[in-house]
Amino acid sequence: MIKSMLIGLLAVYAGYKIRTSVITTKIEEEYDFIIVGGGTTGAAVASRLSEDPNVKILLLEAGKSDLSIPAIRVPSIEPIQMTTADWNYKTVPQKYAAQGHLGQVDRLPAGKILGGTSSMNHMIYHRGSPHDYDSWEDNGARGWGWIDVRKYFIKAEGSVDESLSKNLGRYGPIPLRKIHLRPKLNQIIEEAATEIGISKTDYIDKLEGFSDVAATIRQGLRMNSIESYIRSHFPERKDRLHIAIGAYVTNVLFAENKSMDEVPRVVGVKFIKNNKEMIVKARKEVIISAGAYATPKILMLSGIGPKQHLLEKGIPVIANLPGVGSNLQDHVRMLHLMYSNKLPKESVITKKEMQQSVSEYLANGTGALTSNFISSFMHFRTKLAGTSTSSSKRKRPFPEIQMAVFPAESTVRDFTGGTEVTAYNATLYLPEIREALAIRNGVLASFGLVAGLLHPKSTGTVRLNTSNPLQHPLIDPRYLSHEDDVKIYTEGLKVIEKLLDSDTFRRFEIKQVMQPFCDTTENNRFPRSSEFYKCWLENSAVTEYHPCCTAKIGAKSDELAVVDERLRVYGVNGLRVADASVMPHLTSGNTQAPCYMIAEKASDMIKEDWSMKLPRH
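All of these numbers come straight from a predicted model, not from anything done at the bench.

Rules used in this analysis
- Residues numbered from 1 in each chain as written.
- Predicted model: local features only at pLDDT ≥ 70, side-chain atom pairs only at ≥ 80, totals over all residues.
- Heavy atoms only, no water.
- Helix = DSSP H or I, 4+ residues; strand = E, 2+ residues; numbered from the N terminus.
- Buried < 20%, exposed > 50% of the residue type's maximum accessible area, 1.4 Å probe, protein only.
- Contact = heavy atoms within 4.5 Å.
- Areas by Shrake-Rupley, 256 points an atom, 1.4 Å probe, with all protein chains shown as cover.
- Axes fitted to C-alpha atoms, helices over the stretch in contact; angles between N-to-C directions.
- Parallel < 35°, antiparallel > 145°, perpendicular 65-115°, else oblique.
- Nonpolar A, V, L, I, M, F, W, Y, C, P; charged D, E, K, R; others polar.
- Expected span 1.5 Å × (residues − 1).
- Pairing = 2+ DSSP bridges.
- Core = buried A, V, L, I, M, F, W, Y, C linked by side-chain atoms within 4.5 Å.
- Phe/Tyr/Trp six-rings, centres within 6.5 Å; stacked < 30°, edge-to-face > 60°.
- Lys NZ or Arg CZ within 6 Å of the ring centre and 35° of its normal.
- Salt bridge = Lys/Arg side-chain N within 4 Å of Asp/Glu carboxyl O.

A. Structural context of the overall build of the protein chain. A tally of regular secondary structure across the protein chain gives 15 helices and 28 strands. Every one of the 617 residues in the protein chain was classed for burial, and the buried ones make up 62%. Put simply, 73% of the contacts in the protein chain that link residues at least 6 apart link residues at least 24 apart. As displayed, the protein chain has an accessible area near 23900 Å², and 49% of this comes from carbon and sulfur atoms.

Spelled out as structure tokens, the structure:
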């Protein structure tokens with residue numbers, strides 16, 4: 001009800017400020033650079049390349065304008081999930097996770113709109129650990145160590161909050177602010193965390209510990225990649241930066257080779273717009289920034305990918321790259337709902353406060369709706385860190401578990417044939433709860449903890465369903481298929497139980513709302529049996545919306561490498577990839593910030609390779 005009322009009010013409120021349209025009505029036959037995907041990374045690359053007045057750029061986005069849905073700007077809601085502005089991807093049935101979901105299938109939201117997933121995510125700004133990038137370099141991504149990438153994070157960052165780390169950039173296009181949402185709940189959880197050995201930190205400076213959260217929000221509004229990188233500069237660049245929406249790219253195009261020895265060269269793209277097939281040529285190169293699912297799909301439809309798979313789909317092989325669509329990684333998470341009748345009223349956002357905050361937000365741009373409802377993080381290693389079980393080796397000791405705090409009430413009621421959830425945190429964790437949660441009537445969950453596995457060993461695939469470009473690919477992340485992931489994640493769940501067993505949680509009588517999937521009668525005390533934890537994970541673990549690594553950076557000798565250290569696709573000329581696909585492995589946190597970093601570094605490399613003007617950092 002609140003969500004629909006807010007969207008209705010925003011339809012009137014849309015005139016709060018006239019926004020600049022960035023859409024080009026006429027597409028030319030040829031450009032210097034064509035960028036496929038107007039999302040987090042693609043929009044940033046387009047902006048940086050357009051700084052050079054001597055080049056012409058086309059940015060192609062399959063979805064519509066972000067201005068078409070004014071509610072996108074409201075940080076607390078996600079109005080485009082499960083709409084036509086969402087790609088609405090799904091996994092194939094999973095064997096080791098998502099068992100509590102209908103058909104054992106997990107939803108995979110991804111923005112089909114300008115701004116891409118930055119128009120629908122939780123806006124968390126999280127660099128990850130410096131050890132992540134040094135580990136990338138260990139894995140063949142030369143020039144992507146922490147000493148190399150740090151300057152690109154700083155270049156992107158525009159911290160506007162003096163309480164944030166002084167190590168953040170202050171002059172970049174992405175505004176960052178701390179979420180000062182429910183300090184009292186943060187204080188309670190920090191006290192409990194200290195009891196179990198997790199100390200207070202600032203996760204920008206020192207990742208492991210308990211920390212407040214930074215988000216890409218300015219003046220109570222979501223700042224997606226279009227707002228941050230393009231809209232303010234567009235009027236003076238509109239003649240050299242063209243942006244087309246509703247442009248569904250099917251494949252890249254190659255020049256006709258004059259000899260069999262010549263390396264195939266990409267010279268343009270083919271796309272569908274207004275039900276018509278169109279072709280646009282690229283004088284210099286094409287950059288694919290379509291995301292971890294669509295990027296490998298476009299590459300494979302173009303004849304770049306695993307040879308046998310392409311032949312099975314009837315696609316001529318241009319470059320045999322087994323790594324395309326392989327090495328799919330994603331953080332998996334579990335939502336833990338907590339309830340208490342003893343918490344101070346100011347600790348959580350209540351149903352009544354959310355109702356009142358709608359008018360407050362519309363009138364003043366203040367209140368609960370200005371937040372993404374993630375108030376704090378905990379990052380930690382388990383007792384298995386440094387062993388062969390853990391990916392967190394002693395050489396690169398990144399954390400293994402991330403835990404987020406959601407300080408808002410959720411009413412959960414059990415109904416025959418399903419579960420109804422009215423969640424006032426408006427984070428759209430609702431669909432998975434409806435499908436996966438069936439608990440006793442009338443439980444009021446005071447807040448939520450979300451535990452995520454940061455460095456899974458399990459990897460999956462993205463493969464073509466058919467050669468029809470309009471069909472979604474087959475996505476099989478194979479969550480928790482590696483037994484070591486279950487062992488590490490189990491240790492993470494035990495940390496939640498330590499919090500529940502702390503003096504602080506006991507003082508406020510904080511208890512957990514348990515799903516009925518597994519036997520809690522014999523497992524009603526901590527720690528529980530290994531069988532119980534495995535059952536719990538199999539039924540409840542789902543995506544944390546951070547897919548990556550399906551076109552990874554690596555040495556040419558690495559069979560699964562798709563791009564070199566300058567993001568050039570192996571086996572062809574004139575083609576790069578710049579998005580989360582190129583990550584060799586996941587980072588120790590949310591992936592929005594690494595995507596912006598990749599955009600900044602990619603832009604500089606493209607400018608260097610084409611002798612374009614490089615700005616100072």
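Read on, since the account is not over.
B. Representation of the packing of helix H12 (residues 483-500) against helix H14 (residues 530-540) in the model. The N-to-C vectors of H12 and H14 enclose an angle of 100°; their axes lie 10 Å apart at closest approach. The orientation of H12 with respect to H14, classified from their angle, is roughly perpendicular. Between H12, through Val 486, Tyr 489, Thr 490, Leu 493, Lys 494 and Glu 497, and H14, the contact on the second element is made entirely by Tyr 533, Trp 536 and Leu 537. Here the contact of H12 with H14 is built from residues that sort into 6 nonpolar, 1 polar and 2 charged.

C. Just H12, in detail. Here H12 contains 18 residues, and its C-alpha end-to-end distance of 26 Å stays within 8% of the 26 Å for a straight helix at 1.5 Å per residue. Burial runs high along H12: 14 of the 18 residues are buried.

D. The sheet that holds strand S6 (residues 174-178), seen in detail. With mixed pairing, 3 strands are arranged side by side in an open sheet as S5-S6-S8. Two strands lie at the open edges of the sheet, namely strand S5 (157-159) and strand S8 (214-215), each paired on one side alone. Here 2 bridges tie S6 to S8, and the two strands are oriented antiparallel to one another. The partner of Arg 177 across the bridge, within S8, is Ala 215.

E. Seen up close, the packing of helix H4 (residues 146-156) against helix H15 (residues 592-609). At their nearest, the axes of H4 and H15 sit 8 Å apart, and the two run at 105° to each other. Taken together, the axis directions place H4 and H15 in an arrangement best described as roughly perpendicular. Taken together, the residues of H15 that come into contact with H4 (itself represented by Val 149, Tyr 152, Phe 153, Lys 155 and Ala 156) are Ala 593, Pro 594, Tyr 596, Met 597, Glu 600, Lys 601 and Asp 604. The residue makeup of the contact of H4 with H15, split by class, is 8 nonpolar, no polar and 4 charged.

F. Up close: the nonpolar core. Ranked by size, the top nonpolar core spans 104 residues in total, and within it Trp 144, Ile 230, Val 286, Leu 567 and Leu 575 carry the most contacts. Ignoring anything within four residues of it in the chain, the contact list for Ile 230 reads Val 22, Ala 43, Ser 47, Leu 59, Ser 225, Leu 241 and Ile 243. Counting 54 residues, the second largest nonpolar core, distinct from the first, contains Ala 193, Leu 328, Leu 453 and Phe 508.

G. Highlighting the packing of aromatic side chains. Here the structure, examined in full by the defined rule, presents 14 aromatic pairs. With centroids separated by 5.9 Å and ring planes inclined at 5°, the aromatic side chains of Trp 87 and Tyr 89 adopt a geometry described as stacked. Neither residue differs from the other here; Trp 87 and Tyr 89 are each classed as buried. Taking the centre distance of 6.0 Å and the plane angle of 40° together, the rings of Trp 146 and Phe 153 count as tilted. The pair formed by Trp 146 and Phe 153 is uniform in burial state, with each residue classed as buried. An aromatic cluster of three or more residues is present, and its members are Tyr 133, Trp 136, Trp 144, Trp 146 and Phe 153. A cation over an aromatic ring shows up here: Lys 601 above the ring of Trp 144, its NZ or CZ 5.0 Å from the ring centre.

H. Structural view of the environment of Gly 246. Along the chain, Gly 246 turns up in the loop between strand S11 (241-244) and strand S12 (248-254). Overall, the relative accessible area of 30% leaves Gly 246 in the partly exposed class. Along the backbone, Gly 246 and Gly 63 are 183 residues apart, and their C-alpha atoms lie at a distance of 5.0 Å.

I. Representation of the environment of Glu 409 in the model. In this structure, Glu 409 sits in the loop between strand S19 (401-406) and strand S20 (410-415). Distance from Glu 409 to Phe 447, taken between C-alpha atoms, is 5.6 Å for residues 38 residues apart in sequence.

J. Broad picture of the pattern of salt bridges. Within the structure shown, the criterion is met by 32 salt bridges. In this structure, Glu 51 and Lys 607 form a salt bridge, with 2.7 Å as the shortest nitrogen-oxygen distance. Remark: Lys 607 occurs in helix H15 and Glu 51 occurs in the loop between helix H2 (40-49) and strand S2 (57-60); sequence separation between them is 556 residues. Note on Glu 51: relative accessible area 27%, which makes it partly exposed. When its relative accessible area of 1% is taken as the criterion, Lys 607 is described as buried. With a shortest N-O distance of 2.6 Å, Arg 576 and Glu 285 are connected by a salt bridge. Here Glu 285 lies in strand S14 (residues 276-288) and Arg 576 lies in strand S28 (residues 575-577), a separation of 291 residues in the sequence. No difference in accessibility class separates Arg 576 from Glu 285, as the two residues are buried. Among the ionic contacts, a cluster of salt bridges with common partners joins Arg 48, Glu 51, Lys 155, Glu 600, Asp 604 and Lys 607.

Purely geometric stuff here, so don't read any function into it on its own.
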